[in-house]
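Coordinates in review
Chain residues, written in single-letter form:
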Amino acid sequence: MAKQYWLLKSEPEEFSIDDLKRVKKEPWDGVRNYQARNYLKSMQIGDQALFYHSNTEVPGIVGIMEVASEPYPDPMAFDQKDKHYDPKSDPENPRWFLVEFKYVRHTARTISLAELKDDAKLEDFPLTRRGNRLSVMPVTAAQWKYLLGLEKKAPKA
DNA sequence: GCCAACGTTGGC
DNA sequence: GCCAACGTTGGC
């Protein structure tokens, strides 16, 4: 299958692009939403993803990372002491999955949510659709190219 | 299977 | 901190 593109949200207070750069590679654990889970399960090594900072002063795209593992069961779901523990996820039949991501690079600038919302070309982009709270979403090849084109433009004043 | 109550997300 | 939007849970 061809390479796929994604966008993943993280709160920088929890885990930021700088954290990813420091650790190089990170298992994307704690996803507890079925739709997001299904996207994680369909990822393949080499897929590229935008790193998005949510719930912060200037929410937006801040970097690029790459899928670095096959999807595997999220071990946190089995750990009673973990806040992502889910008693309904059985190790024999795991409910939650994750992949590992490796750091690729920061974007040259933060491509802010406000800017993306303003962009008529991105009407169909799931991120800017009203009420969307998915933390993992697909990005089309065309959107990927367009978004990285924005990186080199100066943000609107 | 319906739906109200509740919890979470995330922009502002 | 507020609150709108949405997902999940659980009683019936």
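Above this text is the structure in question.
Residues numbered from 1 in each chain as written. Chains lettered and ligands numbered in written order. Predicted model: local features only at pLDDT ≥ 70, side-chain atom pairs only at ≥ 80, totals over all residues. Heavy atoms only, no water.

1. Points about helix α2 (residues 34-41)
- Along α2, the residues that are buried comprise Ala 36, Arg 37 and Leu 40. The buried side chains of α2 occupy one side of the element, clustering within an arc of 105° when seen end-on.
- Against β1 (5-10), β6 (97-98) and β8 (136-139) lie the buried residues of α2.
- Taking the backbone nitrogen of Gln 35 as reference, a side-chain oxygen 3.0 Å away marks Asn 33 as the first, capping residue of α2. (Buried < 20%, exposed > 50% of the residue type's maximum accessible area, 1.4 Å probe, protein only. Helix = DSSP H or I, 4+ residues; strand = E, 2+ residues; numbered from the N terminus. Arc of directions from axis to C-beta. Contact = heavy atoms within 4.5 Å. Polar contact = N/O pair within 3.5 Å; in protein donor to acceptor, adjacent residues only side chain to side chain.)

2. A look at the protein's contact with DNA strand B
- The immediate surroundings of DNA strand B are formed by Lys 9, Tyr 52, Ser 54, Asn 55, Pro 59, Leu 113, Lys 117, Arg 133 and Leu 134.
- Across the atoms of DNA strand B situated within 4 Å of the protein, the share located in sugar and phosphate is 70%.
- In this structure, Lys 9 approaches DNA strand B through a side-chain N or O atom, which is 2.9 Å from a phosphate oxygen.
- Note that a phosphate oxygen of DNA strand B is positioned 2.8 Å from one of the backbone N or O atoms of Asn 55. (Near = heavy atom within 4 Å.)

3. Some words on the protein's contact with DNA strand C
- The environment of DNA strand C is made up of Tyr 34, Lys 88, Arg 130, Gly 131 and Arg 133.
- A share of 63% of the atoms of DNA strand C within 4 Å of the protein falls on sugar and phosphate groups.
- A distance of 3.3 Å separates a phosphate oxygen of DNA strand C from a polar atom in the side chain of Lys 88.
- Within the contact set of DNA strand C, a base oxygen lies 2.5 Å away from a side-chain nitrogen or oxygen of Arg 133.
- Along the lines of polarity and charge, the residues of the surface near DNA strand C split into one nonpolar, one polar and three charged. (Nonpolar A, V, L, I, M, F, W, Y, C, P; charged D, E, K, R; others polar.)

4. So, the sheet that holds strand β3 (residues 48-53)
- A sheet is described by the order of its strands in space; here six strands give the open sequence β2-β7-β4-β3-β1-β8, paired in mixed fashion. Of all strands in the sheet, those with a lone pairing partner are β2 (25-27) and β8, marking the two edges. With direction set aside, neighbouring strand axes in the sheet form an average angle of 35°.
- Pairing between β3 and strand β4 (residues 60-67): six bridges, direction antiparallel. Note on β4: the bridge partner recorded for Tyr 52 is Ile 61.
- On the sheet, α2 packs against β1 and β8 and is oriented at approximately 55° with respect to β8.
- Packing of helix α4 (residues 141-151) onto the sheet brings it into contact with β1, β3, β4, β7 (100-112) and β8, and relative to β7 it is tilted by some 55°. (Pairing = 2+ DSSP bridges. Axes fitted to C-alpha atoms, helices over the stretch in contact; angles between N-to-C directions.)

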